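An overview of the molecular structure
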Amino acid sequence: MIIESCRLCPRECGRRRDEKEGSGFCGASAAVRVARIAPHYGEEPCISGKRGSGAIFFSHCVMRCLFCQNYNISHNGFGKELTPEQLAEKYKMLEAMGVHNINLVNGTHYIPQIRQSLLLYKPSIPIVFNCGGYERAQSLKMLRGLVDVYLPDFKYADDSLALEYSQVKNYRNTAIDAIKEMISQTGKPVFDEDEMILRGTVIRHLVLPAATKNSIEVLRIIKNVFSDNALISLMAQYTPCHGALTHKKLCRKITKREYQKVLDAMFELELDGYAQELESSGDEFIPDFDLTGV
Ligand code: SF4
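Residues numbered from 1 in each chain as written. Predicted model: local features only at pLDDT ≥ 70, side-chain atom pairs only at ≥ 80, totals over all residues. Heavy atoms only, no water.

Quick look at the packing of helix α3 (residues 84-97) against helix α4 (residues 111-120) now. Following both chains from N to C, one finds α3 and α4 inclined at 60 degrees, their axes separated by 8 Å at the closest point. When the axes of α3 and α4 are compared, the pair comes out oblique. The handedness of the crossing between α3 and α4 comes out as right-handed. Of the residues in α4, those in contact with Pro84, Glu85, Leu87, Ala88 and Tyr91 of α3 are Gln113, Ile114, Gln116, Ser117, Leu118 and Leu120. Taken together, the residues of the contact of α3 with α4 sort by class into 7 nonpolar, 3 polar and 1 charged. (Axes fitted to C-alpha atoms, helices over the stretch in contact; angles between N-to-C directions. Helix = DSSP H or I, 4+ residues; strand = E, 2+ residues; numbered from the N terminus. Parallel < 35°, antiparallel > 145°, perpendicular 65-115°, else oblique. Left-handed = near helix turned anticlockwise from the far one by under 90°. Contact = heavy atoms within 4.5 Å. Nonpolar A, V, L, I, M, F, W, Y, C, P; charged D, E, K, R; others polar.)

Structure below.
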């Protein structure tokens, strides 16, 4: 596959991507790169369950979050190339391991290749598209009928934070449009008898230090725009790493008081979903990106 002028993500940088290299912001060539394929137990209970979620971690990223915990794969592009045919075989491999779903982590810049692989083989377990909320609605349409569950972040209501922390412009409205498209594809959340999600959209929000105003505004947007059509997953696991270690605001974990303030807003707004325990903060959720399963 050659992409002559890539406009897949909201950056629309229009750069060429061939099988060998890519000169766009994300740095991804047209060949899919993957850093790890294995059952993962660190997602929400309705995704990880008892048998784990079959996670496929894609290399490169369209964002540049200062606090990224996976920067060796997202920023440096560490990984191994897989064809859509090989990717389809990996779905079969994970399915045979008995995982609850196939969890495509950070594949925004590989949407056409993911589509191709899912057309080759659509597993009988749900396909989860796990992403940063910085997607083009137009590109997501390629996944209609192929993805069962969307798991987007909604990181920022405050666009100035988005620009400073993740190098993206217009994040707020881009995420709103992207999540609208996701919900239009999945409908309201549907669960099986074991409370595992079969279809639907779960919106994640990671509370950042010194940013409770941003978090509460994100929750208000979710309530006002998406109402009960999606679930919320409030995350407390922020841990400074990479560029955040020397940043004046991002260099610490969130406090109990900060998290409680956001939790109170979630309950006041009567948002349905999950809220992580504050004790969850730490790096125990970060798997080894060592080409396991690739
Ligand atoms: S996916 Fe990569 S190359 Fe394509 S528009 Fe986005 S940043 Fe540019």
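Let us now look at the layout of surface pockets. In this structure, the second largest pocket occupies an estimated 150 Å³ of space. Lining the second largest pocket are Lys188, Pro189, Phe191, Lys223, Ser227, Asp228, Ala230, Leu231, Glu270, Leu271 and Asp272. Along the lines of polarity and charge, the residues of the lining of the second largest pocket split into 5 nonpolar, 1 polar and 5 charged. (1 Å grid on protein atoms, 1.4 Å probe; cavity = no way out; pocket = protein on both sides within 12 Å on 5 of 7 lines; lining within 4 Å. Points joined across faces, edges and corners; volume = space filled by probe spheres on them.)

We now examine the nonpolar core. Counting residues in hydrophobic clusters, the biggest one holds 77 residues, and the most contacted among them are Ile56, Phe129 and Phe154. Top element by residues in this core is helix α7 (residues 171-186). It accounts for 7 residues. In this structure Ile56 touches Val34, Arg36, Ile37, Leu87, Tyr91, Leu94, Ile102, Asn103, Leu104 and Val105, once residues within four positions along its chain are discounted. Core analysis: the next-biggest nonpolar cluster, separate from the first, contains 8 residues, Ile47, Val128, Val149 and Leu231 among them. (Core = buried A, V, L, I, M, F, W, Y, C linked by side-chain atoms within 4.5 Å. Buried < 20%, exposed > 50% of the residue type's maximum accessible area, 1.4 Å probe, protein only.)

Turning our attention to the site of the ligand. The local shell around the ligand consists of Cys6, Leu8, Cys9, Glu12, Cys13, Arg17, Gly24, Phe25, Cys26, Val62 and His109. Judged by the fraction of its atoms near the pocket grid, the ligand is located in the second largest cavity. Here the shell around the ligand is built from residues that sort into 7 nonpolar, 2 polar and 2 charged. (Near = heavy atom within 4 Å. Sits in = over half its atoms within 2 Å of the grid points.)

This model, assessed by the stated rule, comprises 7 aromatic pairs. Where Phe67 meets Tyr238, the ring centres are 5.8 Å apart and the plane angle is 70 degrees; that geometry is what we call edge-to-face. Of this pair, Phe67 sits in the loop between β2 (53-58) and α2 (71-74) while Tyr238 sits in the loop between β9 (231-235) and α9 (256-268), placing them 171 residues apart in sequence. The residues Phe67 and Tyr238 share a single accessibility class, namely buried. Plain terms: the ring middles of Tyr134 and Tyr171 are 6.4 Å apart, the flat faces sit at 15 degrees to each other, and that makes the pair stacked. With Tyr134 in the loop between β5 (127-131) and α5 (137-140) and Tyr171 in helix α7, the pair connects residues that are 37 residues apart, well separated along the chain. Accessibility expressed as a relative area gives 4% for Tyr134, which makes it buried. Here the aromatic cluster, defined as three or more aromatic residues joined through ring pairs, consists of Tyr134, Phe154, Tyr156 and Tyr171. (Phe/Tyr/Trp six-rings, centres within 6.5 Å; stacked < 30°, edge-to-face > 60°.)

A few words now on the environment of Cys241. Of note, Cys241 is situated in the loop between β9 and α9. Assessed through its relative accessible area of 16%, Cys241 is described here as buried. Between the C-alpha atoms of Cys241 and Gln86, which are 155 residues apart in sequence, the distance is 33 Å. Leave out the neighbours within four places in its chain, and Cys241 touches Leu66, Phe67, Cys68 and Gln69.

Overall, the coordinates contain 17 salt bridges when judged by the stated rule. Notably, a salt bridge pairs Arg199 with Asp148, separated by 3.8 Å at the nearest N-O pair. In this pair, Arg199 sits in strand β8 (residues 197-206) while Asp148 sits in the loop between α5 and β6 (149-152), placing the two residues 51 residues apart along the sequence. The class of Arg199 is partly exposed, set by a relative accessible area of 32%. Measuring nitrogen to oxygen at the nearest pair gives 2.9 Å for the salt bridge that ties Arg252 to Glu258. (Salt bridge = Lys/Arg side-chain N within 4 Å of Asp/Glu carboxyl O.)

Before going further, it helps to examine the packing of helix α8 (residues 212-226) against α9. It is the contact of α8 with α9, at a shortest axis distance of 10 Å, that shows an interaxial angle of 15 degrees. As judged from the angle between their axes, α8 and α9 are roughly parallel. Crossing of α8 against α9: the hand is right-handed. On the side of α8, the interface is formed by Thr212, Ser215, Ile216 and Leu219, while α9 contributes Glu258, Lys261, Val262, Ala265 and Met266. Grouping the amino acids of the contact of α8 with α9 by side-chain chemistry returns 5 nonpolar, 2 polar and 2 charged.

We now examine α4. Taken residue by residue, α4 has Ile111, Pro112, Gln113, Ile114, Ser117 and Leu118 as its buried positions. Looking at the buried side of α4, the elements it contacts are β1 (32-40), β2, α3, β4 (102-105), β5 and α5.

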